[in-house]
Amino acid sequence: MKFLLRTLSIAALSFIGLKFFDWWIIVLVALAVGVIMSEKRPRRLFGKKKAPAYAFLSGFLAIAIVWGAMSWWLDSQNASLLSQKIFELLSGGASSAVSPAWAMIGLTACTGGLLGGFSSMTGNLLGEAIKN
């Protein structure tokens, strides 16, 4: 339940934040949600809870969905002109079985997902350090 709440919180706040700020707001949102929703867990060398892994996964999913949806929306509005040009630039003109537009949307979603995942995991570890 907390995983779903964390994922939805990061996605909603990042979407709202991207309306007013630049791309870096997703890092701050995922970090803040990670700190706020972290829980105190006992210090063990080999802990049973996998809180950092779940924090990473929730941040990754939330930001990948938001960035993927937003890049799909922007790409569909310009008939995939920019994504095709960037794909040609990055691939060196090689053809691909995947559509260039979907490849660029996937690359954008993965990049955002990694940023969100690492930010959420860092926030979770920071919150645990503060609470312990």
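Now for a description of the structure that goes with this document. (Residues numbered from 1 in each chain as written. Predicted model: local features only at pLDDT ≥ 70, side-chain atom pairs only at ≥ 80, totals over all residues. Heavy atoms only, no water.)

**Let's talk about the packing of helix α4 (residues 81-91) against helix α5 (residues 100-131)**
So, point 1. The interhelical angle for the contact between α4 and α5, taken along N-to-C directions, is 80 degrees, at an axis separation of 8 Å. Accordingly, the angle class assigned to the pair α4 and α5 is roughly perpendicular. Every residue of α5 that contacts α4 at Ser-83, Gln-84, Ile-86, Phe-87 and Leu-90 is listed here: Pro-100, Ala-101, Ala-103, Met-104 and Leu-107.
So, point 2. Among the residues forming the contact of α4 with α5, the class breakdown is eight nonpolar, two polar and no charged. (Axes fitted to C-alpha atoms, helices over the stretch in contact; angles between N-to-C directions. Helix = DSSP H or I, 4+ residues; strand = E, 2+ residues; numbered from the N terminus. Parallel < 35°, antiparallel > 145°, perpendicular 65-115°, else oblique. Contact = heavy atoms within 4.5 Å. Nonpolar A, V, L, I, M, F, W, Y, C, P; charged D, E, K, R; others polar.)

**A look at the packing of aromatic side chains**
So, point 1. Within this structure, the stated rule accounts for five aromatic pairs.
So, point 2. Note on Phe-21 and Trp-24: the rings are 5.9 Å apart at their centroids and 50 degrees apart in plane angle, and the pair reads as tilted.
So, point 3. Both rings, one in Phe-56 and one in Phe-60, keep their centres 6.1 Å apart while their planes meet at 25 degrees; by these two values the pair is stacked. Pair noted here: Phe-56 and Phe-60 are both in helix α3 (residues 51-77), with a separation of four residues, about one helical turn.
So, point 4. For Phe-60, a relative accessible area of 22% gives the class partly exposed.
So, point 5. Members of the aromatic cluster, joined through ring pairs, are Phe-56, Phe-60 and Phe-118. (Phe/Tyr/Trp six-rings, centres within 6.5 Å; stacked < 30°, edge-to-face > 60°. Buried < 20%, exposed > 50% of the residue type's maximum accessible area, 1.4 Å probe, protein only.)

**Regarding helix α1 (residues 2-20)**
So, point 1. Here α1 spans 27 Å end to end across 19 residues, near enough to the 27 Å set by a 1.5 Å rise per residue.
So, point 2. Every buried residue of α1 is accounted for by Arg-6, Thr-7, Ile-10, Ala-11, Ser-14, Gly-17 and Leu-18. All buried residues of α1 project into a common sector of 140 degrees when viewed along the axis, lining one side. Counted as exposed and oriented over 90 degrees from the buried face of α1: Leu-8, Lys-19 and Phe-20.
So, point 3. On its buried side, α1 packs onto α2 (25-36), α3 and α5. (Expected span 1.5 Å × (residues − 1). Arc of directions from axis to C-beta.)

**Re the environment of Gly-106**
So, point 1. In this structure, Gly-106 sits in helix α5.
So, point 2. Judged by its relative accessible area of 29%, Gly-106 is partly exposed.
So, point 3. Separated by 29 residues in sequence, Gly-106 and Gln-77 have C-alpha atoms that sit 17 Å apart.

**Overview of the environment of Val-33**
So, point 1. Mapped onto the fold, Val-33 is located in helix α2.
So, point 2. In this structure Val-33 comes out as buried when scored by relative accessible area, which is 7%.
So, point 3. For the pair Val-33 and Phe-60, spaced 27 residues apart in sequence, the C-alpha to C-alpha distance is 13 Å.
So, point 4. Not counting the four nearest positions on each side in its chain, Val-33 is found in contact with Arg-6, Ser-9, Ile-10 and Leu-13.

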